[in-house]
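Examination of the molecular architecture
One letter stands for each residue in the lines below.
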Amino acid sequence: MRALIIGGTGTISTAIVNLLAKTGWELVLLNRGKRAASLPQGAKRIQADINDAQDVAQKIGNMRFDAVCQFIGFCVEDVKRDFRLFHGRTRQYLFISSASAYHKPAKCLRITEGTSLANPYWQYSRDKIACEEYLMRMYREEGFPVTIVRPSHTYDEKKIPVAVHGKNGFWQVIKRMREEKPVIIHGDGSSLWTVTFSTDFAAGFAGLMGNPQAIGEAFQITSDESLSWDQIYQTIAEALGVPFKPYHVSSDFLAAAGGQYGLRGGLLGDKAVSVLFDNRKIKQAVPGFCPSVSFAQGVRRSLAYILAHEECQVEDPEFDAWCDRVITVLEQAKKNFEPA
């Protein structure tokens, strides 16, 4: 069976490509070739920008696919282009949406695929909703064989999941921990969150490919483990062998003070909301799916890789100074209310 992977070098897609290469799929990766990523043995690359539809159509020629996997579709124009390119040329089109599309604030703690979609805080999520709506309309009206996949917070050996970080990602938070400085955690740290290791996600996704039960359906794929944000950060600190020094800050305050870091969408529209994901639907469609990497295991695997590879250690002094400033301002505010 032949799969076209649009992207294929990201956190989620890399794990999927590596798994598919071991399970007999003929893989064709379509990307710009700008990321230094080696192809699995037997995989082919078409170097092209998916936004240049004419060039893509020319390069794929008469190729037909059993599955087209879209990992870098972010707005409705992207999926409209894909419909024009692949309608009648693939037996399945899998679109990576986002669990952040689910209704915010949450209507119910336990999330299923039937939970309504609405996010007034984050344009990214609203764009994903628009993509889903268009694709499902094309399924109903044109028979386009779509499968919607909604990941939540997925990480791999090169990334650590944190909620509040700067433009350069997670490393400055890890650096603050190693320097035994306080790290900012939104709210009081008790809201529940789910983080999923990329290899676990890949197993569920691969099980949907070529699966007739998946056509015309949406699936969420996450770990079954739910942790509070304090537990997530404490687990990271324990893996680093450093004290856990949380500094809790209101999500509303962080959204207002950290606009340059996208905290309104990332927090109010996603990570500040407690969620528990019900994975019964993916387990019914993919009976062998069983997430097996706990966060305690996954974060140690990630840290071992990150600490051994300097290219993963991208410092962010601007964010570091911002954290110190937030803490200083709030500590001063506390003093202003101390009894005379």
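So, here is what we can say about the structure in this document. (Residues numbered from 1 in each chain as written. Predicted model: local features only at pLDDT ≥ 70, side-chain atom pairs only at ≥ 80, totals over all residues. Heavy atoms only, no water.)

1. Points about the pattern of salt bridges
For clarity, the threshold we go by: The working definition used for a salt bridge is a side-chain nitrogen of Lys or Arg within 4 Å of a carboxyl oxygen of Asp or Glu. A run of DSSP states H or I qualifies as a helix once it reaches four residues; a run of E qualifies as a strand once it reaches two. Both are numbered from the N-terminal end. For every residue, the accessible area (1.4 Å probe, protein chains only) is compared with the maximum for its type, and the residue is labelled buried under 20%, exposed over 50%, or partly exposed between those bounds.
Using the criterion set out here, one finds 19 salt bridges in the structure. Taking the shortest distance from any N to any O, the salt bridge between Asp320 and Lys181 comes out at 3.2 Å. Placement of the pair is Asp320 in helix α12 (residues 317-336) and Lys181 in the loop between α5 (171-178) and β9 (183-186), with a sequence separation of 139 residues. With a relative accessible area of 13%, Asp320 lands in the buried category.

2. Topic: the side chain of Thr235
Formally: Contacts described as polar in this section are N or O atom pairs within 3.5 Å, which, within protein, must combine one atom able to donate a hydrogen with one able to accept it, while residues neighboring in sequence count only if both atoms come from side chains. By the convention used here, residues are in contact when the closest approach between their heavy atoms is within 4.5 Å.
Mapped onto the secondary structure, Thr235 falls in helix α7 (residues 229-240). Look at Thr235 and you get buried, because its relative accessible area is 18%. Within the local environment of Thr235, its side chain forms a polar contact with the backbone oxygen of Gln231, the two atoms lying 2.7 Å apart. Beyond its immediate stretch of four places on either side in the chain, Thr235 contacts Phe295, Ala296 and Val299.

3. What about the pairing of strand β2 (residues 26-31)?
For clarity, the threshold we go by: DSSP-based pairing: two strands are paired if at least 2 bridges between them are found. Call a crossover right-handed when, viewed with both strands pointing away from you, the route from the first strand across the helix to the second goes clockwise.
Burial runs high along β2: 5 of the 6 residues are buried. Here strand β1 (residues 2-6) runs beside β2; their pairing, made up of 5 bridges, is parallel. By the bridge assignment, Ala3 is partnered in β2 with Leu27. Taken together, β1, helix α1 (residues 11-22) and β2 constitute a β-α-β crossover, and its handedness is right-handed. Direction of pairing for β2 relative to strand β3 (residues 44-47): parallel, over a ladder of 4 bridges.

4. Focus on helix α6 (residues 198-208)
Extensive coverage of α6 is indicated by the burial of 8 of its 11 residues. Immediately beyond the C-terminal end of α6, within one or two residues, lies Gly210, with a positive phi of roughly 70 degrees.

5. A short note on the nonpolar core
Quick note on the threshold: Take the buried residues of types Ala, Val, Leu, Ile, Met, Phe, Trp, Tyr and Cys, join any two whose side-chain atoms come within 4.5 Å, and each joined set is a nonpolar core.
In terms of nonpolar packing, the biggest core is built from 48 residues, with Ile160, Val164, Ile184, Tyr233, Ile236 and Trp322 touching the most fellow members. Those elements that provide at least two residues to this core are α5, β9, β11 (195-197), α7, β14 (246-249), α9 (263-271), α11 (295-308) and α12. Core analysis: the next-biggest nonpolar cluster, separate from the first, contains 30 residues, Ile12, Ala67, Ile96 and Phe289 among them.

6. Side note on the pairing of strand β12 (residues 217-221)
Within β12, 4 of the 5 residues are buried, which leaves it mostly tucked inside the rest of the structure. As paired elements, strand β7 (residues 146-151) and β12 share 5 bridges and run parallel to each other. Following the sheet pairing, Thr147 is matched in β12 by Glu217.

7. Some remarks on the packing of aromatic side chains
Note the following rule: Any Phe, Tyr or Trp ring, taking Trp's six-membered ring, that has another such ring centre within 6.5 Å forms a pair; planes under 30 degrees apart are called stacked, those over 60 apart edge-to-face, and the others tilted.
Summed over all chains, the structure comprises 13 aromatic pairs. For the pair Phe201 and Phe205, a centre-to-centre distance of 6.2 Å together with 25 degrees between the ring planes defines the contact as stacked. With Phe201 and Phe205 both in helix α6 and 4 residues apart, this pair spans about one turn of that helix. Look at Phe201 and you get buried, because its relative accessible area is 0%. Between Tyr261 and Phe319 the ring centres are 5.5 Å apart and the planes differ by 85 degrees, which places this aromatic pair in the edge-to-face class. In this pair, Tyr261 sits in the loop between α8 (251-257) and α9 while Phe319 sits in helix α12, placing the two residues 58 residues apart along the sequence. Take Tyr261 and Phe319: they sit in the same class, and that class is buried.

8. What about the environment of Leu240?
One can find Leu240 in helix α7. Taking the C-alpha atoms as reference points, Leu240 and Asn211, separated by 29 residues in sequence, lie 41 Å from one another. Not counting chain neighbours up to four residues away, the residues in contact with Leu240 comprise Ile174, Met177, Arg178, Leu303 and Leu307.

9. Observations regarding the packing of α1 against α6
Relative placement of two packed helices is described by the angle separating their axes and the distance separating the axes. What counts, and what does not: Axis definition: a line fit to C-alpha positions, over the contact stretch in the case of helices; interaxial angles, taken between N-to-C directions, run 0 to 180 degrees. Orientation is classified from the angle alone, with under 35 degrees giving roughly parallel, over 145 giving roughly antiparallel, 65 to 115 giving roughly perpendicular, and any other angle giving oblique. Throughout, a crossing is termed right-handed when the near helix is turned clockwise from the far one, and left-handed when it is turned anticlockwise from it by less than a right angle. Only Asp, Glu, Lys and Arg are considered charged in this grouping, and only Ala, Val, Leu, Ile, Met, Phe, Trp, Tyr, Cys and Pro are considered nonpolar; every other residue, Gly among them, is considered polar.
The interhelical angle for the contact between α1 and α6, taken along N-to-C directions, is 60 degrees, at an axis separation of 8 Å. If you check the angle between α1 and α6, you find them oblique. As α1 runs across α6, the sense of the crossing is right-handed. From α1, Thr11, Ile12, Ala15, Ile16, Leu19 and Leu20 reach across to α6, where they touch Ser198, Thr199, Phe201, Ala202, Ala203, Phe205 and Ala206. Residue composition of the contact of α1 with α6, by class: 10 nonpolar, 3 polar and no charged.

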